[in-house]
Amino acid sequence: MSSEMAAKFTAAARSMEPIYLTDYEERQHHHRPLSLGLTVSYPLGQRLSLTTGAVWTRVNSEFTTVMRTNIVQKEQTLHYVGLPLGLSYRLWDNHRLSVYVAANAQADWNVAANQHTEGIRQPMERDRCQLSVSASMGVHYTIVPHVGLYAEPGIRHYFDNGSHVDNFFKHTPTSASVQLGLRIEVK
């Protein structure tokens, strides 16, 4: 490029006004995660137990971009498999029902990431490993000896994993949670 052309290009670039988008808006809605688990409980004493297992979590989000009269809808679904490790302390129990408090740490790996824009599937990067801690109060109902159903409402905190995947964990790092599942008690 000649110096004369370079000078004209530079002058033209300097005279350009910045372009602003008008009537542009982005909205996000992150649904509360749904978690189901299969856990194993190992007694460490009469009331104290170590728990571990596997937890599946689904996280859905909706993104809406509005540009004047055009609206673009994007849906995102992330599936995680998590490994929890925690302690539980049984407060009360009778023959089949027990109430306990628990503290857990969990690592969740994103095993599937789906994104649909206007109904068309598009490639999407997976989220990084998501670490969290929780405190909960649980109820366990024994169906047959050593096997029962549990429900654990509590508080969970998700640590920033540094990824660029926008989801519930990033927008609500500390939130109420409920985990449901099947528990095997090893005696």
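Everything below is about the structure shown above.
Residues numbered from 1 in each chain as written. Predicted model: local features only at pLDDT ≥ 70, side-chain atom pairs only at ≥ 80, totals over all residues. Heavy atoms only, no water.

(A) Representation of the environment of Tyr 42. Among the structural elements, Tyr 42 can be located in strand 2 (residues 34-43). Distance in space between the C-alpha atoms of Tyr 42 and Glu 185 is 6.4 Å, their sequence separation being 143 residues. Apart from residues lying up to four places away in sequence, Tyr 42 is in contact with Ser 49, Leu 50, Thr 52 and Val 186. (Helix = DSSP H or I, 4+ residues; strand = E, 2+ residues; numbered from the N terminus. Contact = heavy atoms within 4.5 Å.)

(B) Quick look at the pairing of strand 2. Bridge analysis of strand 2 against strand 3 (residues 48-67) gives 10 bridges, and the strand direction is antiparallel. If you follow Leu 38 over to strand 3, its bridge partner there is Ala 54. Here strand 2 folds back onto strand 3 in antiparallel fashion, the turn holding four residues. In the sheet, strand 2 pairs with strand 9 (residues 174-185) via seven bridges, with the strands oriented parallel. Bridge pairing in strand 9 places Gly 37 opposite Gly 181. (Pairing = 2+ DSSP bridges.)

(C) Structural context of the pairing of strand 4 (residues 70-93). When strand 3 meets strand 4, the two strands line up antiparallel, connected through 18 bridges. The residue of strand 4 that forms the bridge with Phe 63 is Lys 74. What sits between the antiparallel neighbours strand 3 and strand 4 is a turn of two residues, in which Arg 68 has the positive phi angle 55°. Taking the residues that link successive antiparallel strands as the turn, the strand 4-strand 5 (residues 97-117) hairpin has three residues.

(D) Quick look at the packing of aromatic side chains. Applying the stated criterion to the full structure yields two aromatic pairs. A centroid spacing of 5.4 Å and a plane angle of 65° characterise the contact between Tyr 80 and Phe 169, whose relative ring orientation is edge-to-face. Residue Tyr 80 is found in strand 4, and its partner Phe 169 is found in helix 2 (residues 168-171); the two are separated by 89 residues along the sequence. Taken individually, Tyr 80 and Phe 169 each receive the classification buried, so the pair is uniform in this respect. Judged by centre distance (4.2 Å) and plane angle (35°), the ring pair of Tyr 158 and Phe 169 falls under tilted. A residue pair is termed long-range when its members are at least 10 positions apart, and Tyr 158 in strand 8 (residues 147-158) and Phe 169 in helix 2 qualify at 11 residues. The pair Tyr 158 / Phe 169 is uniform in exposure class, with both members buried. Aromatic ring contacts, followed pair by pair, group Tyr 80, Tyr 158 and Phe 169 into a single cluster. (Phe/Tyr/Trp six-rings, centres within 6.5 Å; stacked < 30°, edge-to-face > 60°. Buried < 20%, exposed > 50% of the residue type's maximum accessible area, 1.4 Å probe, protein only.)

(E) Quick peek at the environment of Cys 129. Inspection of the secondary structure puts Cys 129 in the loop between strand 6 (120-122) and strand 7 (130-144). Taking the C-alpha atoms as reference, Cys 129 lies 9.2 Å from Gly 82; in sequence the two are 47 residues apart. Not counting residues up to four positions away in its chain, the partners in contact with Cys 129 are Ala 107, Asp 108, Trp 109 and Asn 161.

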